[in-house]
Amino acid sequence: MNREQNILRDSHGRDHAYLRISLTERCNLRCTYCMPADGVQLSPKSHLMTYEEIYDIAKIFVNHGVTKIRLTGGEPLVRKDIPVILEKLSSLPVELSITSNAVIIDRFIGVLKANGVNKLNISLDSLDESKFKHITRRHEFKKVYDNIYLLIKEGFKVKVNAVLIKGFNDNEIIDFINFTKDLPVSVRFIEFMPFDGNKWDMSKMVSYVEVMEYVNQAFVKNDIIRLEDAPNDTSKNYKIKDYAGSFAIISSVTNPFCDSCNRLRLTANGHLKNCLFSSSESDLLTLLRTGKPIEPIIQKAVQAKFKVRGGMDTLEKLQKPDLHSQNRSMITIGG
Ligand code: SAM
Ligand code: SF4
């Protein structure tokens, strides 16, 4: 099959070559911005994709031009069959990567290396142990912190994701940037986004502009270097002169990168979401289990993709709770 000819192009001319697969709705942390305090209703195990189904669906996407697959969740590493999932997916011609909270990643160094995974996105929202406990509702700071150092020592390319929340960790922006002084990591500040049950409101969000105000106050102009962003990059990248690492801002709220969006998302129960913010889903797994072809509904879902943020194309719409509360919690989408 010619992958180029089958490319998943939407009605706005965007080609979709990047698939994020959520492996589980479970997690060993309980981040307040990601899941509601009383948890989420978990899908019964029989409704989740098996590793064979993950592979079969992924293969179809690869035949339609997907060249990058990122595994996410929930926490992808809590899934028992993660080694076999990695082994199966690494046989496909894709760049395979993972987003993890890193709590138990030290147990998987060998498996990750054996399957060619060398780029990792690790979530860490605070460099302060007690704040970490507050935001994640768990006491795992030391493990995550030590594991970031371990991953770098083991030669992985690490990006650290920090969701910024006003009055909580915005006073750590410069500490995070100083964290990149000797460590070759990219710290990415993520604007807090609205999902079901996360009590989002615009006033809690720290914007791209506000991050840069902190940066401009802390460093002299000539030392702040704007880096070139990769194609389809969701982040605006910078570094401080002579620092080993870099930093970036992911401004999905104030400055969405929808024009160059090339992403599709598959939830752990096998539903395709054409946009992180979209409340509509296409159930690929049920169809796959009946033995019918899933390509037509993949194409239809891609065609139906809105131009901007699942149809919430203005900040006014984004602030309407009835619009974003129809969407899932982030933990069951897969970030
Ligand atoms: N458990 C893994 C982790 O935390 O890296 C993977 C799943 S998590 C849902 C993926 C990413 O989504 C994380 O970097 C997390 O910070 C981000 N995320 C979750 N909820 C968010 C929100 N409301 N706004 C912005 N980013 C969010
Ligand atoms: Fe778990 Fe990641 Fe969500 Fe935190 S952000 S609760 S680590 S899935």
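Provided above is the structure to which this section pertains.
Here is a short report on the structure shown in this document. The model shown is predicted, which means the values in this text are computed figures rather than measured ones. The residue numbers shown here count from 1 along each chain, following its written sequence. Labels are handed out in written order, letters beginning with A for the chains and numbers beginning with 1 for the ligands. pLDDT decides what is reported in this predicted model: residues at 70 or higher carry local features, side-chain atom pairs at 80 or more are listed and counted, and totals for whole chains, interfaces and linings draw on all residues regardless. To get the side-chain values, all heavy atoms of the structure are used, and hydrogens and water are removed first.

### Concerning the site of ligand 2
1) Next: What surrounds ligand 2 is the set C27, L29, C31, C34, G74, N101 and I331.
2) Next: Partitioned by chemical class, the residues of the shell around ligand 2 number five nonpolar, two polar and no charged. If a single non-hydrogen atom of a residue is within 4 Å of a molecule or strand, that residue counts as near it. Charged residues are taken to be Asp, Glu, Lys and Arg, nonpolar residues to be Ala, Val, Leu, Ile, Met, Phe, Trp, Tyr, Cys and Pro, and polar residues to be all remaining types, Gly included.

### A short note on the layout of surface pockets
Empty pockets left among the atoms are what a rolling probe the size of a water molecule brings to light.
1) Next: Buried and open spaces are told apart on a 1 Å grid over the protein atoms alone, a cavity being a set of points where a 1.4 Å probe fits but cannot get out and a pocket being an open set with protein on both sides within 12 Å along at least five of seven lines. Residues with an atom within 4 Å of a point are the lining residues. Grid points are joined across faces, edges and corners, and a volume is the space filled by probe spheres set on the points. Taken as a whole, the second largest pocket encloses approximately 340 Å³ of empty space.
2) Next: Residue lining of the second largest pocket: 16 residues in total, with L23, T24, K45, L48 and R79 positioned closest to the centre.
3) Next: Taken together, the residues that form the lining of the second largest pocket break down as seven nonpolar, three polar and six charged.

### What about the packing of aromatic side chains?
1) Next: Any two rings among Phe, Tyr and Trp, with Trp reduced to its six-membered ring, count as a pair given centres within 6.5 Å; such a pair is stacked if its planes are under 30 degrees apart, edge-to-face if over 60, and tilted if neither. In this structure the tally under the stated criterion is nine aromatic pairs.
2) Next: Measuring from centroid to centroid gives 6.2 Å for F219 and Y243, while their planes differ by 85 degrees, and the two rings are edge-to-face. One end of the pair, F219, is in the loop between α7 (208-218) and β7 (224-226); the other, Y243, is in the loop between β8 (235-240) and β9 (246-250), and 24 residues separate them in sequence.
3) Next: Accessibility here uses a 1.4 Å probe with only protein chains present; expressed as a share of the type maximum, an area under 20% marks a residue as buried, one over 50% as exposed, and anything in between as partly exposed. Taking the relative accessible area as the measure of exposure, Y243 reaches 12% and is therefore buried.
4) Next: The structure contains a cluster of three or more aromatic residues connected by ring pairs, namely F132, F141, Y145, Y149 and F179.
5) Next: Its guanidinium or amino end placed over the ring of Y55, K88 lies 4.4 Å from that ring's centre, counting from NZ or CZ. A run of DSSP states H or I qualifies as a helix once it reaches four residues; a run of E qualifies as a strand once it reaches two. Both are numbered from the N-terminal end. Either the NZ atom of lysine or the CZ atom of arginine qualifies as a charge over a ring when it sits within 6 Å of the ring centre and within 35 degrees of the ring normal.

### Some remarks on the site of ligand 1
1) Next: In the region of ligand 1, 20 residues are neighbours, and Y33, G74, E75, S123 and M193 sit closest.
2) Next: Two N or O atoms count as a polar contact when they lie within 3.5 Å, although within protein this holds only if one can serve as hydrogen donor and the other as acceptor, and sequence-adjacent residues are included solely when both atoms are side-chain atoms. Within the backbone of Y33, one N or O atom sits 3.0 Å away from a nitrogen atom of ligand 1.
3) Next: In this structure, an oxygen atom belonging to ligand 1 sits 3.2 Å away from a side-chain N or O atom of N161.
4) Next: When ligand 1 is considered free in solution it has 550 Å² of accessible area, and contact with the protein chains removes 95% of it.
5) Next: Each residue belonging to the shell around ligand 1 can be placed in one class, and the counts come to eight nonpolar, 10 polar and two charged. Calculation of accessible area relied on Shrake-Rupley with a 1.4 Å probe; when residues are assessed, cover is drawn exclusively from the protein chains displayed.

Nothing here speaks to function; it is all geometry.
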